[in-house]
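Spelled out from the first residue to the last, the chains are:
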Amino acid sequence: MGDDSEWMKLPIDQKCEHKVWKARLNGYEEALKLFQRIGDEKSPEWGKYLGLIKKFVTDSNAVAQLKGLEAALAFIENAHVAGKTTGEVVSGVVTKVFNQPKARAKELGMDICLMYIEIEKAEVVQDELLKGLDNKNPKIVVVCIETLRKALSEFGSKIVPLKPVVKVLPKQFESREKAVRDEAKLLAVEIYKWIRDALRPPLQHINSVQLKELEEEWVKLPSAPPKQTRFLRSQQDLKAKFEQQHALGGEQCDEEDEEETAAAVDPYELLEAVDILSKMPKDFYDKIEAKKWQERKEALEAIETLTKNPKLENGDYGDLVRALKKVVGKDANVMLVSLAAKCLAGLASGLRKKFGTYAGQVVPTILEKFKEKKPQVVQALQEAIDAIFLTTTLQNLSEDILAVMDNKNPSIKQQASLFLARSFRHCIQATLPKSVLKPFCAALIKQVNDSAPEVRDAAFEALGTAMKVVGEKAVNPFLTDLDKLKLDKIKESADKVELPGGKKGAGGGGDKKPAAKTPLPAEAPSKSSAPPKKTQSAAASKPSAGPSKKGKPTSAAGGKNKKTSDSKEFTESELSVEVSEELAAGVLPAICLQQLDSANWKERLASMEEFQRAVETMDKADMPCQALVRMLAKKPGWKETNFQVMQMKLHIVALIAQRGQFSKTSASVVLDALVDKVGDIKCGGNAKEGLTAIGEACSLPWTAEQVVSMAFAQKNPKNQAETLNWLANAMKEFGFAGINVKGFINNVKTALGATNPAVRTAAITLLGVMHLYMGAPLRMFFEDEKPALLAQIDAEFEKMQGQSPPAPIRFTKKAAAAAEEDGDEGEEQEEDGGGGGGGGHDIMDLLPRTDISDKITSDLVSKIEDKNWKIRKEGLDEVAAIISEAKFITANIGELPLALKGRLGDSNKILVQQTLTILQQLAVAMGPGLKQHVKALGIPIITVLGDSKLNVRTAAMTTLQAWVEQTGMKEWLEGEDLSEELKRENPFLRQEVLGWLAEKLPTLRAVPGDLMLCIPQLYTCLEDRNGDVRKKAQDALPTFMMHLGYEKMTKATGKLKPASKDQVVAMLEKARAVMPAKPAAPAKAGGGKGSGEPSRAASASRSQPASEDFTDSKPEVKKVRGGVAAKKGAAGKKPAAKSVKDDEDKSGPIFILIPGAKEQRIKEEKQLKILKWNFITPRDEYVEQLKTQMSTCFAKWLQDELFHFDFQRHVKAIGFMIERLECEREATIGCLDLILKWFTLRFFDTNTTVLMKVLEYLKLLFAMLNSENYHLTEYEATSFVPYLILKVGESKDVVRKDVRAILTMLCKVYPASKVFPFLMEGTKSKNSKQRSECLDELGCLIEGYGMNVCQPTAAKCLKEIAVHIGDRDTSVRNAALNTVVAVYNVCGDQVYKLIGNLSEKDMSMLEERIKRSAKKTPAAPAKPSATERSQREHPANPNATFLRKPAQEDPNKLNQARQNAQHSESSHPSIPKEFQLDLDMIEMDQSGVCELPDLVQHKLDELLEPIMIPEPKMRSVSPHFDDLHNSTASTINFVISQVASGDINTSIQALAQIDEVLRQEDKAEVMSGHIDQFLIATFMQLRLIYSTHMADDRLDKKDIIKLYSCIIGNMLSLFSMESLAREASMGVLKDLMHGVITLMLDGRVEDIEDGQQLIRSVNLLVIRVLEKSDQTNMISALLVLLQDSLVTTAGPPMFSELVMKCLWRMIRFLPETINSINLDRILLDVHNFMKVFPKEKLKQLKSDVPHRTLKTLLHTLCKLTGAKILDHLSMIENRNESELEAHLRRSVKNSGNLSGLKSDRGNEKTGLRTEDRMSKAKVSDILSEIFKKIGSKENTKEGLTELYEYKQKYSDADLEPFLKNTSQFFQSYVERGLRMIESEREGKTRIQTSAVIPQHGVDSGLSSNNEELKPAVYYERLKILRQRQGLENTSRGVGGSEDEPQQRPPISSLLSSKPSVASSTDMLHSKLSQLKESRELYQQEHNTHSPTHPRSASPAANLDDLKKRLERIKSNRQ
């Protein structure tokens, strides 16, 4: 149980991974309970288990696995993150659970799979299960099939896609295992339930017995389709509905559900496509042209066989279709015609939508061929045309069908009508809009009256079908001219029609739709009438079709004639004079009637006045309008001679029209008279008033048509002119809705040709007004006019250019009423081509068109397809000529589409462009008929958008836009063509198409569902390599979303890879916020058919009160719903009042200052309580978090504005913030972090208006922060600066300029050195503009602030910058070069060392650029801009660049450093540099006294009182340091970061500050926790000096020595404190030792003055580091370092030797330290070493010392620990990889289990070595090696030294055998050499024993040139000093004053090149402390390790003496 108790204490997640199965079992049980307990599905607790769930299900122990499965199931069910584990867990279940014998395990495994499906991961689960079907273990296959079956049965075929399952099903029937076959059979039965016969084709090839069994099973199945019984998480509404139904046991919704299910799977989708083009007979095209019909038949039969394949691969079937079409059209053999028709049917059904391209070519031919009488031919043709219909739309075929409706051959008419009837059945209301139905009904109505009964019957059937599909209400308006008998016949046909799927047609429910979508009432008359008739009877009879709306809402009139709905008088017949008089007498005073025809004009006038009064008081319902106007016409009627009476009459007409229910019949009575008076000077005004009133009563379009025709029926030019003037004005007042241009265009033409100039002018003015609404197409009517007249028209049009039509101010009365009842009309208008181009389309319909198909001959087509490009060009020229000659053409252009399509892919780009020009011509000439050519010719235009040449792409886009103008977008978006185009991986094509879609989609109100097919391609484009494609895709995203919806698009991401999915989902979130609203339909209410834009503008302008503060009214369109002025007024008032109220609320402060709130936020983010502001694109949770944080400190209304979905509100809110910036400074600073975060969100918007406003605010904000002397915190900067830098790569110059300005200002409130890394990060962007701008900024920073800003190190930064010199983008290359040149200007040739290795090409570019820059400006100290910048810079050090002037440098820099001390905190004071200034300084020094301040109390005025301080050139490191870094930790971090600075002075100052801390024991503790960081900075600086500074000839080497001394001083201080020293980690120690040893071996140091001394100091440091560091870390570090140095031969040869000597030193410490050492780790390192260097490999090395060193280490360890050492191999995973274990076992055997040290510890060395005697063979090897060296010229000294050391180590070694064979001279030479070495080493102040670090140079003793650190040296120097001071050298002091402080002086004592006395004496103190340390070390070493050398006491006496003397010097000086 002991073990149990161990794991019982572990946390649950660790138990679940435990190696003991019981622990895991227990873990799973607890996890299960935990999972059931956690309430929040998004709890962070789930995250811990994400990686473990796979282990839960794949547990090797069956019992634990069961429990693991249960826990996993609970996890998947409850955790929000479970979806991430789907793949790995289901894969684990398939491989490790489905093969288990326990049924429960399999059951749980299946449940897990189904649960994953429930959480929306069906596809992943299905993939894994299908992979499982390939498993070799049949058990697994069986369970996989069973799981698939269960999933399908529960979730249904919509969620479990069947195509992949059906694909692999046949293979399962072939399995050898019966269980698999049986399970496959069950699955096939289940699939059959869902898709019925669609399953037959894929299974047709399985074993016939199996198929028969299946058939039997299938027959047994119930006919009702199955239902989904289990639902996804997103289908909870369906689930509720299902449960509710279940509870009721009801079947209410069954029918529609069944239909849905039935329609869900299309057998076609389950089939594999077959490529038949490649299988066609090679000679097909020859045979099909053969003269013998048998050959032609053979060819067709071959094709028929191929086309029987149910699904065909897409390809170019153009030639094949042409050949078949030719047979159908021209072959005389009817058998072949029917065969070709069958082939066409097969092609159409196999290609489906893809055949749509060819439909337009084939249908006319088939329709023509219906003249054949033979039933078999007719049937084949019917099948063909029906199959073809399914591939296209009725709209595309309408032209062709209508063309044959007037054919003389009754068979053709009959078959065309029957085809229509069949086609209508496949339509629904949406696909059979009125615009399509109207022309068909008109044609069919003609056929209803045909003489041939079969034609009539076919027409009745077609009309009946249409009525059934769209409902009576929609069809009745077209049937107004039919008598009741025929109407009944149509209704009878409608009742007989059975629609596919058993639907009941539009019926009751269907009738509601047209009511909701009624068109603008204003246009009713023109639409409801067939070609307009001018007779009164026609005008009256049309409306009579349906009684009033009140009586029968669903009557015929209800749909279209809404404007008639309130007035029965629409149906009134003409009244006779008698009846009129009778009716009038009932309402008018008798006197009035009597005086009407009086001869006295005054009586007539009085009568009129009575008449007027009566009309004014009369009730609307009682007013018999027709009777009254007939009374007015009573003699003298309109021939009235008195103008006053006439004026009254006309006024009364207007009154009656305004006040009564005025019908067109009544209007007809008076219109003629009004027109007659319109030109009258006195009565004209009243006549116009009357006309306008009638226009309001009877609609302007009808009135206008009548009035104009009447005016031009008479000869009076005045009337004609005024009529036209009235019409021009009326159009402006009423708008253009429903105006039938054709009705009066000819009269306008007449007017233009009139002799009277007034008429011409009026006509031109009218055209000008019409142009406002109709635009350019209007000019088409007048192309043939004389040039002079055309010029006048053009001039008038020019005037109107750019004007928008005025808002309508008058409305047809009934229309206004109808509009109020039904606000959402206008849909049909859109179908009829409403919107901006609607009027244009109307015109296009009116133009006479030429059929050019006969001119497109086969010769012309072959010309266009000729091999010779010149002939092809001729062909194209001919086509262009044909089109331009015909001007307006019909849609029938023969074979031209295919020919032109070929030219769009022409290799000759000139021809491509010419073809595009022809297509533009074609668009204008053909007009709306172009729609049917979109698939054949339009889509290829899109392909051209992928051309590499810009001019070709531009031409293609122009052509595309011209086509879309004519066709609308619907045709382009239908089918797969567009998505196929986007699949092409062509960046040009993709960006052009996406840009085009982004522009077009927002203007559409509805799009075909096929747009969804483009989504996968859109997502691919979002991650395209090309930046422009990505940008365009992002721009298009919101426009797709507005039509498809966020849900659909998010669901579509399911198929993406996880990484892509996350990115795309984030973009979708972003797009969701900026998604445009769909354009609102009612916006057309005022402007009507020809004016989408104008009316939109009008409605927006009327809605203006609702949004006073909006600069742009467009967004308002979305909100305006009503289409009526009255409503607008009312709507306008409320919001206006509301906004006033809002303004009052806005008077308070916008930011609320909460003390400490910002600090709290910073703290929460540090503790990870809230999300860190760090993202690629902002997700919802970030926005929500920001909202929450803002809610406490932002005014509510401001926050609402800031997070409003409308960008205009953002602009407004920023405007407010700008206003309040000055007066709310404090509060703004208090909320600064939140303000900046909100702005980062705006950087992700694509709206330039907002962005410019944001940048404007930021400029003002940073200026304010600077004036307040505020400094950004780290927290504020990191959450803002990276996002600001993103915008520096914006494409618009104006944005980039602002961002750069803000970056410049940023450096005033945030250290430039900290901005630098952000910019460096910015250079890694994919956006080339951003890279180049960031590089430019870096250059500016370096120019302005010197190399200081390059953080972390100059070399690292410059290497990264230099990489960009090779960038492929020119601007980036230039920016990188300029930046490096800026560095060159600062630090000269050193730049080459900093940038590292560059390719030759890059280097030559750089050198060239540097040469050029040198010509322009010499390397000046700083540029003007730089100084300017440095003035505003706070934290950086402006002059600390590499530009040095050695003459004045030292005093300057040192004093500055002194001066800097005043600006720093107590943690900043300077460092001691005892190794820098030694006694030489004192010898030279003759300067005066200079007091040194106590730096601990910084910030005191006395700090700056030196005697000789030159003008300081450098500002402080950090003037506002105290404010910026108020916590100790951040201060230390900052100072440490400065240690690694590329600038020597900065580094020295930082070291000085750290040393001050280290020297005071009470303060040194603050460094705890920062040791590694400090050491890293230190060895980075060492590397920098070694690689960069030492190589720079312009640097004064004294500076470098100073810096070295500071570093070593600091290290010594640090490593004298054991507690701190032990914090250094292994990796850091390794690097530190590497740096220090490299320094010792650096020959360049020795050559510098004081270099020798420096190397001695390093020796001392090494010993200190070895002693004081953590021993385990140290030994590990040395082992790894040794391994590295042996592996890489590149380093100095002595390097590894010195490392080994350090190791020996450590081995010597082992007896004392063995208990504190982690043996496991050391043995692991040794193991790794031996892995790399096995024994054999070690022996191959030049020297055997590494091998010996390793053996010695292991031997020592074995001795000290004995056999126990073998227990310390636990960390080694595979012990067999090295010889370590074997070696240890041998050693343990040999040492006989010695576990302690038997010899005396005092004699450590011999104690160790006695047990480590070397074998004789080994000894002779080593010695012979040494004697070889002695014998060679080069190595003789080295050999002697090694021999001496060997003798020291093995004192009993016998040299006799090696010497006896040599000459006497050699023997005495060796003896003499050994004696010399002994005397050299005897009695010296040794820093280090020979066992540690040798010097390099010829012999490997210590330190260079054999000069070692010894008291004698100092004694000599003292002598000189004493002589100078006049003291005697003979007198010697006794003892030493021990009370003398041993503390070293601060480094600032060095900060003057002519040191004062104080500093000199302090330096002596430093030397003394050094000597004292050396002495102690020496004693310790020689007492412990070298008993053979008894030490004399002289050095100690010398030292004391020295001390005394120094004291005396000091007192003399003072």
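Description of the structure in this document. (Residues numbered from 1 in each chain as written. Predicted model: local features only at pLDDT ≥ 70, side-chain atom pairs only at ≥ 80, totals over all residues. Heavy atoms only, no water.)

### Some remarks on unusual backbone geometry
The condition is simple: Helix and strand assignments come from DSSP, with helices taken as H or I runs of at least 4 residues and strands as E runs of at least 2, each series counted from the N terminus.
A positive phi angle, near 75 degrees, is found at Glu120, a position not held by glycine. Mapped onto the secondary structure, Glu120 falls in the loop between helix 7 (103-118) and helix 8 (122-132). For Asn1269, which is not glycine, the phi torsion reads 55 degrees and is therefore positive. Among the secondary structure elements, Asn1269 is positioned in the loop between helix 69 (1248-1267) and helix 70 (1274-1278).

### Brief notes about the packing of helix 34 (residues 601-617) against helix 35 (residues 625-632)
Rules: A fitted line through C-alpha atoms serves as each axis, taken over the contacting stretch for helices, and the angle formed by two N-to-C directions is quoted from 0 to 180°. Convention used here: angles under 35 degrees read as roughly parallel, angles over 145 as roughly antiparallel, angles from 65 to 115 as roughly perpendicular, and any remaining angle as oblique. Note on contacts: a residue pair qualifies if any of its non-hydrogen atoms lie within 4.5 Å across the two residues. Each residue receives one of three labels: charged for Asp, Glu, Lys and Arg, nonpolar for Ala, Val, Leu, Ile, Met, Phe, Trp, Tyr, Cys and Pro, and polar for the others, Gly being one of them.
It is at 12 Å that the axes of helix 34 and helix 35 come closest, and there the two elements cross at 170 degrees. Classified by the angle their axes make, helix 34 and helix 35 are roughly antiparallel. Each of Met608, Phe611 and Val615 in helix 34 lies in contact with helix 35, whose residues at this interface are Leu628, Met631 and Leu632. By residue class, the composition of the contact of helix 34 with helix 35 is six nonpolar, no polar and no charged.

### Notes on the side chain of His1043
Let me state the cut-off plainly: We call two N or O atoms a polar contact when they sit within 3.5 Å, provided that within protein one can donate a hydrogen and the other can accept it, with sequence-adjacent residues counted only if both atoms are side-chain atoms.
Relative to the assigned elements, His1043 resides in helix 57 (residues 1027-1044). A polar contact of 2.8 Å, which involves the side chain of His1043, links it to the backbone oxygen of Leu1001.

### Looking at the nonpolar core
What counts, and what does not: In plain words, nonpolar cores are sets of buried Ala, Val, Leu, Ile, Met, Phe, Trp, Tyr and Cys residues tied together by side-chain atoms within 4.5 Å. Only protein chains enter the accessibility calculation, which uses a 1.4 Å probe; a residue whose area is less than 20% of its type maximum is buried, one above 50% is exposed, and one in between is partly exposed.
Met1567, Phe1574 and Met1633 are the most contacted members of the largest nonpolar core, which totals 102 residues. A per-element tally of this core places helix 93 (residues 1694-1713) first, with twelve residues. Apart from residues no more than four positions distant in its own chain, Phe1574 is found in contact with Ile1536, Val1539, Leu1551, Ile1554, Leu1558, Met1567, Asn1610, Met1611 and Leu1614. By size, the runner-up hydrophobic cluster in this structure holds 101 residues, among which are Ile1229, Leu1251, Leu1319 and Cys1350.

### Some points on the pattern of salt bridges
So the rule is basically this: Each reported salt bridge corresponds to a side-chain nitrogen of Lys or Arg within 4 Å of a carboxyl oxygen of Asp or Glu.
In this structure the tally under the stated criterion is 74 salt bridges. Two residues, Lys297 and Glu301, come together in a salt bridge whose shortest N-O distance is 2.9 Å. Pair noted here: Lys297 and Glu301 are both in helix 17 (residues 293-307), with a separation of four residues, about one helical turn. Classification of Lys297 as partly exposed rests on a relative accessible area of 24%. For Asp877, the salt bridge goes to Lys873, with nearest N and O atoms at 3.7 Å. Of this pair, Asp877 and Lys873 both sit in helix 48 (residues 869-886), separated by four residues, roughly a single helical turn. For Asp877, a relative accessible area of 35% puts it in the partly exposed group. With relative accessibility at 27%, the residue Lys873 sits in the partly exposed group. What emerges from the salt-bridge pattern is a single network uniting Lys67, Glu70, Arg104 and Glu107.

### Comments concerning helix 86 (residues 1571-1587)
Given 3.6 residues to a turn, an α-helix orients residues that are three or four positions apart in the same direction. Spelled out, the test is: Expected helix span is computed as 1.5 Å times (number of residues minus one).
Relative to the 24 Å expected for 17 residues at 1.5 Å per residue, helix 86 spans 24 Å between its end C-alpha atoms, a close match to the ideal helical length. For helix 86, every residue scored as buried is listed here: Ile1571, Phe1574, Leu1575, Ala1577, Thr1578, Phe1579, Gln1581, Leu1582, Leu1584 and Ile1585.

### Quick word on the environment of Asn99
Structurally, Asn99 can be placed in the loop between helix 6 (86-97) and helix 7. Once the C-alpha coordinates of Asn99 and Pro138 are considered, the two residues, 39 residues apart in sequence, prove to be 8.7 Å apart. Asn99 has contacts with Asn137, Lys139 and Ile140, leaving out every residue within four places of it along the chain. Among the polar contacts made by the side chain of Asn99, one reaches the main-chain carbonyl oxygen of Thr95 at a distance of 3.0 Å.

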